[in-house]
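Here's the letter readout for the chains.
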Amino acid sequence: MRGAKVVVGAQWGDEGKGKIVDHFARSADWVVRYQGGANAGHTLVVDGRKTVLHLIPSGALHPKARCAIAAGCVVDPEGLLAELDALEAAGAPLTPERLRVSERAHLVLSIHRHLDVAREAAAGAAAIGTTGRGIGPAYEDAVGRRGVRFAELVGPASALADRVERLVAERNLLLVGLGAAPVSAAAVLAELAAVRERLAPYVGPVGAVIAAAIEGDETVIFEGAQGVLLDCLHGTYPFVTSSSTGAGGVCTGTGIGPRLVGEVLGVTKAYATRVGAGPFPTELNGALEARLRAAGGEFGATTGRPRRCGWLDLPALRTAARLGGLTGLVVTKLDVLGGFDEVRMATGYRVNGQVVEDADVGTLADAEPIYEVFAGWGPEVGQVRHYLDLPASARHFLERLSAAVELPIELVSVGPERDAIIACPPR
Ligand code: IMP
């Protein structure tokens with residue numbers, strides 16, 4: 001048994017995981033989402049056509065790959081149907097033979113979205129800057145043992161009504177307390193009635209199926225969402241998402257043991273971005289940030305918000321390597337830095353007058369980055385397909401990065417299209 005391959009974000013999300021998962025999905029039997037929900041936005045560009053997936057795994061565009069949404073995800077049923085419709089309209093339909101949704105996955109209901117938005121509005125300066133997709137409230141209800149799962153959605157109508165009524169009654173107390181209008185259980189039940197029949201054929205067990213697939217030496221890719229530094233417990237709390245974004249989340253989210261996990265690839269941009277509030281030591285501002293944002297198209301795939309942009313941050317990446325259990329790296333968007341006369345990466349921080357190389361993310365708020373400056377490279381890296389054809393300055397940057405984090409770089413992405421990818425020579 002080889003064990004499964006896990007692809008996680010090694011920063012604060014938006015690292016370009018979708019394209020990398022699509023790359024591996026060419027030869028995959030299964031691609032599995034194990035945490036998060038429609039807060040994610042995974043962009044795939046195939047033959048000039050852009051597909052943005054929020055819930056459906058990025059194996060969807062490979063007809064032989066089957067996709068699974070595991071118990072650890074929170075799923076907005078209307079959003080899922082909209083994605084299925086969009087794939088069908090694009091000529092890439094995902095039938096129930098190719099998509100399975102765990103009966104244990106929790107539903108994101110409209111009341112969760114209302115709670116998310118009302119809470120953020122009430123928080124003022126303490127707002128997290130969530131995606132507003134109801135993710136936090138849905139996970140709260142899951143661990144609060146009052147959530148509604150796909151098992152209830154497709155089960156007896158009276159049991160579903162009981163569950164929804166209890167959840168809505170409890171959560172309306174908070175909604176009203178936050179100054180928002182209460183939601184009626186009847187309205188939530190009507191929303192669920194409208195999606196139930198279409199979604200039922202997709203619902204079934206996931207954990208046991210995926211465990212058997214890995215044990216049977218099938219190729220299974222786990223697709224992380226968000227990034228390791230947004231992990232609910234170990235990230236830049238409280239400016240985090242509400243799930244376990246690292247490789248550990250694969251086990252709890254899917255319901256399999258750690259023995260079944262093989263390698264863990266961490267995806268990092270050649271620079272750094274962050275959406276929403278929270279510490280970001282290498283954040284730029286002014287013209288340089290605007291240039292990087294424009295060059296990288298750094299606007300949220302889910303919310304359209306401009307992303308905060310900065311230089312690559314090695315201490316944060318080292319922390320991510322530990323948290324994520326990384327065995328290798330993938331570097332994306334190297335082409336975006338093409339055209340800068342010089343580029344930088346933070347090799348350490350100065351925290352309270354002391355130089356540190358491996359800071360706990362909790363200390364990031366006080367960190368002053370220490371930069372190493374590199375000669376730039378030109379935009380022609382976007383056309384390069386072989387590692388040794390990269391300009392020496394770009395290779396030097398990558399090799400410094402790899403050595404500093406003590407991880408091999410396996411792939412370098414130099415553009416959004418499928419073929420804009422470079423396999424790195426083995427170390
Ligand atoms: P939530 O996951 O919507 O609750 O948002 C919590 C924090 O995580 C906010 O800062 C969001 O901007 C951030 N976040 C959530 N999902 C993503 C993502 O897929 N990419 C980048 N940031 C994300």
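Residues numbered from 1 in each chain as written. Predicted model: local features only at pLDDT ≥ 70, side-chain atom pairs only at ≥ 80, totals over all residues. Heavy atoms only, no water.

**Q** Got a minute to help me understand empty space enclosed by the protein in this structure?
**A** Leftover empty space is mapped by rolling, across the atoms, a probe with the size of a water molecule. Tallying each qualifying case throughout the model produces three cavities of 30 Å³ or more. Roughly 70 Å³ of volume is contained in the largest cavity. Those elements that provide at least two residues to the lining of the largest cavity are helix H2 (77-89), helix H3 (110-123) and helix H7 (185-199). Among the elements that make up the lining of the largest cavity, the one with the highest residue count is H7 (three residues). A class-by-class count of the residues in the lining of the largest cavity yields five nonpolar, one polar and four charged. Two domains each provide a minimum of three residues to the lining of the largest cavity, namely domain 1 (4-103 + 202-264) and domain 2 (106-199). (1 Å grid on protein atoms, 1.4 Å probe; cavity = no way out; pocket = protein on both sides within 12 Å on 5 of 7 lines; lining within 4 Å. Points joined across faces, edges and corners; volume = space filled by probe spheres on them. Helix = DSSP H or I, 4+ residues; strand = E, 2+ residues; numbered from the N terminus. Nonpolar A, V, L, I, M, F, W, Y, C, P; charged D, E, K, R; others polar. Domains from an automatic or database assignment.)

**Q** Any chance you could explain the site of the ligand here in plain terms?
**A** In the neighbourhood of the ligand, 16 residues make up the surrounding shell, with Asp14, Asn39, Thr131, Thr241 and Arg305 lying closest. The contact in question runs from an oxygen atom of the ligand to an N or O atom on the backbone of valine 275, over 3.1 Å. Burial of the ligand by the protein chains amounts to 96% of its free accessible area of 470 Å². Residue composition of the shell around the ligand, grouped by class: six nonpolar, eight polar and two charged. (Near = heavy atom within 4 Å. Polar contact = N/O pair within 3.5 Å; in protein donor to acceptor, adjacent residues only side chain to side chain. Areas by Shrake-Rupley, 256 points an atom, 1.4 Å probe, with all protein chains shown as cover.)

**Q** Got a minute to help me understand the sheet that holds strand S9 (residues 203-204) in this structure?
**A** Pairing between sheet strands relies on hydrogen bonds along the backbone, with the strands arranged either parallel or antiparallel. Within the open sheet, the ten strands sit side by side as S9-S7-S5-S2-S10-S1-S11-S15-S19-S20. Their pairing is mixed. Single-partner strands in this sheet number two, and they are S9 and strand S20 (421-423). Both strand S11 (residues 261-269) and strand S15 (residues 328-332) contribute to a ladder of five bridges, which runs parallel. Residue lysine 269 lies in a different strand from S15, and its bridge partner there is threonine 332. (Pairing = 2+ DSSP bridges.)

**Q** Would you take a moment to explain the domain arrangement of the chain for this structure?
**A** One frequent convention defines the size of an interface as the accessible area lost when the parts assemble. By domain assignment, the chain separates into domain 1 (4-103 + 202-264), domain 2 (106-199) and domain 3 (268-423). Each of domain 1 and domain 2 was reduced to a C-alpha centroid, and the two centroids are 23 Å apart. Linking domain 1 to domain 2 there are two salt bridges. Residues aspartate 76 and arginine 113 are paired through a salt bridge, measuring 2.9 Å at the closest nitrogen-oxygen approach. At the junction of domain 1 and domain 2, the tally comes to nine residue pairs in polar contact (both at pLDDT 80 or more). (Salt bridge = Lys/Arg side-chain N within 4 Å of Asp/Glu carboxyl O.)

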